[in-house]
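These are the residues of each chain, in order.
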Amino acid sequence: DDLNNRYSFSDVIYVRIENDLQSPTLIIQEIQMTGGRLNAGSSTVVNVYVRNMGDLPLEEIDLTLSGFGTGGIYMDTTYSTRKIDELAPGEIKSVPFPLRVEQGVEEGTYPLQLNMKFKDDYGTAYEAKEELYLPVSGSGFAGGLIAIENLRVPEGSVQPYVDFPVSLQVRNTSGNRI
């Protein structure tokens with residue numbers, strides 16, 4: 001008859017998992033640009049080298065540069081986000097960001113932010129943010145054909161269907177008559 005008796009038991013079991021794996025971490029390893037600095041009135045490709053410091057491969061990496069406008073540095077393209085499909089542990093990859101510096105920008109070091117979104121190979125999403133400090137030489141003028149300078153737009157947001165002032169200057173920088 002003892003076989004017909006049922007018994008149940010419940011309790012909480014705590015499990016401590018230990019491993020020696022480094023958490024997924026993405027860092028800026030190095031920043032390179034021609035001449036080591038940006039020049040006022042010109043465009044330069046800034047290569048940002050990112051490194052996977054973790055022990056797991058990273059996937060679906062989105063790198064977005066932000067913080068433009070206030071210092072006279074802008075993206076020289078409409079896309080501020082760059083993508084890397086995957087990055088092995090310890091691997092370093094270069095990501096190009098074409099930047100333009102307005103004419104008349106004072107010499108100095110200007111900050112931008114690199115926002116990094118990525119996943120590990122288990123699909124867990126991570127975000128990180130790092131500051132980039134870019135040296136700018138305040139002399140020189142671009143050798144392009146046409147430069148748009150002194151772009152002025154209102155601060156803050158603008159309501160839909162409301163007129164707002166925009167001013168800019170267009171300059172022929174080619175040395176030839178256009």
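Residues numbered from 1 in each chain as written. Predicted model: local features only at pLDDT ≥ 70, side-chain atom pairs only at ≥ 80, totals over all residues. Heavy atoms only, no water.

## Some points on the overall build of the protein
Along its length, the protein carries zero helices and eleven strands. For the protein, the succession of helices and strands along the chain, N to C, is β-β-β-β-β-β-β-β-β-β-β. Relative to its 178 residues, the protein shows a buried fraction of 26%. For the protein, restricting intrachain contacts to residue pairs at least 6 apart in sequence, the fraction spanning at least 24 positions comes to 68%. Summed over its atoms, the accessible surface of the protein is roughly 12500 Å², and 48% of this surface lies on carbon and sulfur atoms. (Helix = DSSP H or I, 4+ residues; strand = E, 2+ residues; numbered from the N terminus. Buried < 20%, exposed > 50% of the residue type's maximum accessible area, 1.4 Å probe, protein only. Contact = heavy atoms within 4.5 Å. Areas by Shrake-Rupley, 256 points an atom, 1.4 Å probe, with all protein chains shown as cover.)

## Here's the deal with the sheet that holds strand β6 (residues 81-87)
One open sheet accounts for five strands, arranged β2-β9-β8-β4-β6; its pairing is mixed. With one partner strand each, in any of the chains shown, β2 (38-39) and β6 form the two edges of the open sheet. Here six bridges tie strand β4 (residues 58-66) to β6, and the two strands are oriented antiparallel to one another. Counterpart to Thr 64 in the pairing with β6 is Thr 81. (Pairing = 2+ DSSP bridges.)

## Things to note about the pattern of salt bridges
For the coordinates displayed, the defined rule picks out three salt bridges. The residue Arg 37 makes a salt bridge to Glu 107 at a minimum N-O spacing of 3.7 Å. Residue Arg 37 is located in the loop between β1 (26-32) and β2, and its partner Glu 107 is located in the loop between β7 (92-101) and β8 (108-120); the two are separated by 70 residues in the primary sequence. In this structure Arg 37 comes out as partly exposed when scored by relative accessible area, which is 29%. For Asp 62, the salt bridge goes to Lys 83, with nearest N and O atoms at 2.9 Å. (Salt bridge = Lys/Arg side-chain N within 4 Å of Asp/Glu carboxyl O.)

## Section: the nonpolar core
One finds Leu 26, Leu 38, Val 50, Leu 63, Phe 97, Leu 99 and Leu 114 to be the most contacted residues of the largest nonpolar core, which totals 29 residues. Taken together, the elements giving at least two residues each to this core come down to β1, β3 (43-52), β4, β5 (73-75), β6, β7, β8 and β9 (125-137). By residue number, the principal contributor to this core is β8, which donates five residues. Those residues in contact with Leu 63, other than ones at most four positions away along the chain, are Leu 26, Val 50, Ser 80, Thr 81, Arg 82, Ile 84, Val 95, Phe 97, Leu 114, Asn 115 and Met 116. (Core = buried A, V, L, I, M, F, W, Y, C linked by side-chain atoms within 4.5 Å.)

## Section: the sheet that holds β5
Within the open sheet, the four strands sit side by side as β1-β3-β7-β5. Their pairing is antiparallel. The open sheet is flanked by β1 and β5, the only strands paired with a single partner. Looking at each pair of strands side by side, their axes are set apart by 40° on average, direction ignored. The pairing of β3 with β7 spans nine bridges and is classified as antiparallel. (Axes fitted to C-alpha atoms, helices over the stretch in contact; angles between N-to-C directions.)

## What to know about the confidence of the model for the protein
Averaged over the protein, the pLDDT score is 83; the fraction of residues at 70 or greater is 87%. Throughout residues 140-144 the model reports pLDDT below 50, and contacts reaching past four residues in sequence, or to other chains, amount to 15 contacts. (pLDDT = per-residue confidence, 0-100.)

## Looking at the pairing of β8
As judged from the seven bridges shared by β4 and β8, these two strands associate in the antiparallel manner. Pairing of Glu 59 across the sheet is with Lys 119, part of β8. Here β8 pairs with β9 via twelve bridges, running antiparallel. Across the sheet, Pro 111 pairs through a bridge with Tyr 133, a residue of β9. Where β8 hands over to β9, the hairpin turn is made up of four residues, of which Gly 123 adopts a positive phi near 90°.

## Examining the environment of Tyr 49
Take Tyr 49: it is sitting in strand β3. In this structure Tyr 49 comes out as partly exposed when scored by relative accessible area, which is 21%. Residues Tyr 49 and Ser 94, 45 residues apart in the sequence, show an inter-C-alpha distance of 4.3 Å. Leave out the neighbours within four places in its chain, and Tyr 49 touches Ile 27, Ile 28, Gln 29, Glu 30, Gln 32, Ile 92, Lys 93 and Ser 94.

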